[in-house]
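# Fold and contact review
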Protein chains: 2
Amino acid sequence: MGEARQLGGGDRAVLVALARSAPDLAVDITEVDPAEVPNLLRGGRLDLALVHEYDNVPSALGAGLDLEPLLVEAVHLACPASWNPDREITLGDHAESRWILANPGTLCHSMAVRTCRAHGFEPRVAHHIDDFAAVLRLVAAGAGVALVPHLGVDHLPAGVRLAALPVGRRTRIAYRRGSADQPLFAAVAAELHRAAAAFRADDGIRLDENS
Amino acid sequence: MGEARQLGGGDRAVLVALARSAPDLAVDITEVDPAEVPNLLRGGRLDLALVHEYDNVPSALGAGLDLEPLLVEAVHLACPASWNPDREITLGDHAESRWILANPGTLCHSMAVRTCRAHGFEPRVAHHIDDFAAVLRLVAAGAGVALVPHLGVDHLPAGVRLAALPVGRRTRIAYRRGSADQPLFAAVAAELHRAAAAFRADDGIRLDENS
């Protein structure tokens with residue numbers, strides 16, 4: 001397939017799997033601000049995008065888009081491994097901890113604040129970092145605790161413990177309304193579903209060799 | 001030191017080292033768009049920031065800031081390990097390759113375009129990704145080649161070869177003019193210099209266990 005298709009959005013592990021599994025499909029990947037995705041799709045600057053929502057933060061994409069479920073993953077509490085190593089970690093244990101949150105205005109920020117409030121406390125925010133790899137390195141360094149979706153844990157640094165919470169993140173493929181049936185888009189979507197299935201089969205977290 | 005100080009900017013490895021080495025210094029770290037850093041400093045929303053410039057892309061921070069050199073690192077060409085494994089890789093070999101660049105408007109995008117042009121070719125851009133970890137995973141997946149600064153290679157995926165180029169990236173500490181002598185800021189700067197020295201001693205690249 002010679003024609004380049006524009007794919008945008010956040011789910012890097014799936015994008016990488018796509019690049020690996022479909023080398024004969026010329027897909028141009030662009031990392032964009034999630035807030036811009038709906039308008040880029042509606043304006044024809046992107047053909048497909050991966051969009052997220054959390055159980056406690058529904059997405060607000062506006063009209064003119066078609067959405068197709070791709071995968072669901074758990075959200076983990078990440079805390080230093082030295083923290084009460086003899087027993088399970090729970091969210092309620094961290095009401096007094098320093099927290100690392102994404103920047104205000106992001107889905108991840110809303111999810112973390114709402115999850116903590118549902119457990120009866122307001123997170124004491126020490127750091128604002130959007131990048132999950134950097135968040136996990138800060139957790140490993142003892143700078144705080146954080147909530148990260150499973151796909152955000154591409155590489156688990158030594159010294160970090162994870163506990164899955166009953167909060168899910170859903171990833172969906174977004175198209176301009178009525179365009180999902182176009183053969184090239186359908187081919188890209190088929191590769192994305194294949195990559196998501198492979199991700200589900202292999203949970204995708206690689207442990208640091210020091211852990 | 002009880003008072004929180006705001007530190008912004010891009011150099012995650014150094015920020016993590018800071019969090020690790022100075023647990024008694026309450027520094028709030030915020031990841032911000034590099035383009036916003038000068039105004040956040042001038043407006044008092046950040047106290048210190050780490051700012052970058054490349055040899056071929058001088059920074060344009062505007063007036064009202066003081067700058068202090070922190071570290072210099074090499075820029076690497078990253079390409080799939082399967083690419084001519086028997087000999088050194090050079091930039092000129094990749095005039096026809098597919099390229100992964102940062103988004104237009106970033107220092108990294110300008111650096112890559114100028115470096116390629118200085119070698120007599122215009123990069124054929126396949127993907128626009130700002131996150132270096134995602135860039136390296138796409139290189140490993142065979143999706144293209146890229147230029148990444150040394151600190152961007154926190155974790156080298158299996159299947160990627162690096163070749164240092166004669167292009168450097170400089171990181172500097174930026175302060176509001178006249179504020180560098182304030183004791184709390186000086187203490188944070190001293191920790192950053194300690195972290196940078198540790199980074200120079202240990203080159204900081206961890207190899208994937210599969211490589």
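Residues numbered from 1 in each chain as written. Chains lettered and ligands numbered in written order. Predicted model: local features only at pLDDT ≥ 70, side-chain atom pairs only at ≥ 80, totals over all residues. Heavy atoms only, no water.

### Here we look at the overall build of chain A
Note the following rule: What counts as a helix is a DSSP run of H or I of at least four residues, what counts as a strand is a run of E of at least two, and both are numbered from the N terminus. Think of it in three bands: with a 1.4 Å probe and only protein chains considered, a residue is buried below 20% of the maximum accessible area for its type, exposed above 50%, and partly exposed in between. By the convention used here, residues are in contact when the closest approach between their heavy atoms is within 4.5 Å.
When its secondary structure is counted, chain A shows five helices and ten strands. By residue count, 53% of the 211 residues in chain A fall in the buried class. Put simply, 74% of the contacts in chain A that link residues at least 6 apart link residues at least 24 apart.

### Points about the pattern of salt bridges
Heads up, the rule is: Any Lys or Arg side-chain nitrogen found within 4 Å of a carboxyl oxygen on Asp or Glu counts as a salt bridge.
Here the structure, examined in full by the defined rule, presents 18 salt bridges over all chains. B:R177 is paired through a salt bridge with B:D66; the nearest N and O atoms lie 3.5 Å apart. Note that B:R177 is positioned in the loop between β9 (160-176) and α5 (183-201) and B:D66 in strand β4 (residues 65-80), a separation of 111 residues in sequence. When the shortest N-O distance is used, the salt bridge between B:E73 and B:R169 registers 2.7 Å. With a gap of 96 residues between them, B:E73 in strand β4 and B:R169 in strand β9 connect regions that are remote in the sequence. You'll find B:E73 and B:R169 in the same group, each marked buried. Through salt bridges with shared partners, a single network forms among A:E53, A:D55, A:R170 and A:R172.

### Things to note about the domain arrangement of chain A
By a frequent convention, interface size equals the accessible area lost on bringing the separate parts together. Residues and elements named next belong to chain A. What counts here: Segmentation into domains, and thus their bounds, comes from an automatic or database assignment. What gets called buried area is simply the loss in accessible area from a 1.4 Å probe that two parts show on being joined, summed for both. Counted as a polar contact is a pair of N or O atoms within 3.5 Å, where, for protein atoms, one must be capable of donating a hydrogen and the other of accepting one, and residues adjacent in sequence contribute only when both atoms are in side chains. When residues are grouped by polarity, Ala, Val, Leu, Ile, Met, Phe, Trp, Tyr, Cys and Pro land in nonpolar, Asp, Glu, Lys and Arg in charged, and all others, Gly among them, in polar.
Domain boundaries in chain A define domain 1 (9-70 + 169-203) and domain 2 (73-165). Facing the 13 residues of domain 1 at the interface are 13 residues of domain 2. Considering only the surface of domain 1 that becomes buried against domain 2, Y54, N56 and R169 emerge as the three largest contributors, covering 53% of it. Along the contact surface separating domain 1 from domain 2 lie one salt bridge. Counting across the domain 1 and domain 2 interface gives three residue pairs in polar contact (both at pLDDT 80 or more). Looking at the side of domain 1 that touches domain 2, the elements with two or more residues in it are α1 (12-21), β3 (48-54) and β9 (160-176). Ranked by the residues each element gives to the side of domain 1 that touches domain 2, the list is headed by β3, at three residues. Along the lines of polarity and charge, the residues of the side of domain 1 that touches domain 2 split into five nonpolar, three polar and five charged.

### A few points about α5(B)
Quick reminder of the rule: What a helix should span is 1.5 Å times the count of its residues minus one.
In this model, α5(B) (19 residues) spans 27 Å end to end at C-alpha, consistent with the 27 Å of a helix rising 1.5 Å per residue. Looking at α5(B), one finds that the buried residues are B:L184, B:F185, B:A187, B:V188, B:A189, B:E191, B:L192, B:A195, B:A196 and B:F199.

### Some remarks on the environment of A:L71
All names here are of chain A. Mapped onto the elements of the fold, L71 is located in strand β4 (residues 65-80). For L71, a relative accessible area of 3% puts it in the buried group. The spatial distance from the C-alpha of L71 to the C-alpha of L192 is 9.9 Å, given a sequence separation of 121 residues.

### As for the packing of aromatic side chains
Residues and elements named next belong to chain A. The following threshold applies: Pairing of aromatic side chains requires ring centres within 6.5 Å, counting the rings of Phe and Tyr and the six-membered ring of Trp. Pairs whose planes differ by under 30 degrees are stacked, by over 60 edge-to-face, and all others tilted.
The full count for this structure, using the stated rule, is two aromatic pairs over all chains. Note on W99 and F121: the rings are 6.1 Å apart at their centroids and 40 degrees apart in plane angle, and the pair reads as tilted. Of this pair, W99 sits in strand β5 (residues 98-101) while F121 sits in the loop between α3 (107-118) and β6 (124-128), and the two are 22 residues apart along the sequence. Judged by its relative accessible area of 0%, W99 falls in the buried class.

### Describing the environment of B:V125
Residue and element names in this part refer to chain B. Along the chain, the position of V125 falls in strand β6 (residues 124-128). Expressed as a C-alpha distance, the spacing of V125 and R172, which sit 47 residues apart in the sequence, is 30 Å. With near-sequence residues (within four places) excluded, V125 lies in contact with W99 and L101.

### Some details on unusual backbone geometry
For A:N84, which is not a glycine, the phi torsion comes out positive at approximately 45 degrees. For A:N84, the location among the structural elements is in the loop between β4 and β5.

### With respect to the side chain of A:D131
Among the structural elements, A:D131 can be located in the loop between β6 and α4 (132-140). At 3.2 Å, the side chain of A:D131 forms a polar contact with the backbone nitrogen of A:A133.

### Observations concerning the pairing of strand β3 (residues 48-54) of chain B
Residues and elements named next belong to chain B. Stated precisely, the cut-off is as follows: We call two strands paired when DSSP finds no fewer than two bridges between them.
The buried count for β3 comes to seven of seven residues, which makes it a mostly enclosed element. On β3, burial covers both faces: L48, L50, H52 and Y54 on one face and A49, V51 and E53 on the other are all buried. In the sheet, β3 pairs with β9 via seven bridges, with the strands oriented antiparallel. Bridge pairing in β9 places E53 opposite R170.

### A short note on the confidence of the model for chain A
As a reminder, the rule being used: For every residue, the pLDDT score states the predictor's confidence, bounded by 0 at the bottom and 100 at the top.
When the pLDDT values of chain A are averaged, the result is 85; 83% of them are 70 or greater. Listed scores for the predicted complex are pTM 0.83 and ipTM 0.79.

### Some thoughts on α4(A)
All names here are of chain A. All of the buried residues in α4 are F132, A134, V135, L136, L138 and V139. N-capping of α4 is provided by D131, with a side-chain oxygen placed 3.2 Å from the backbone N of A133. Positive backbone phi, approximately 85 degrees, marks G142, located one or two places after α4.

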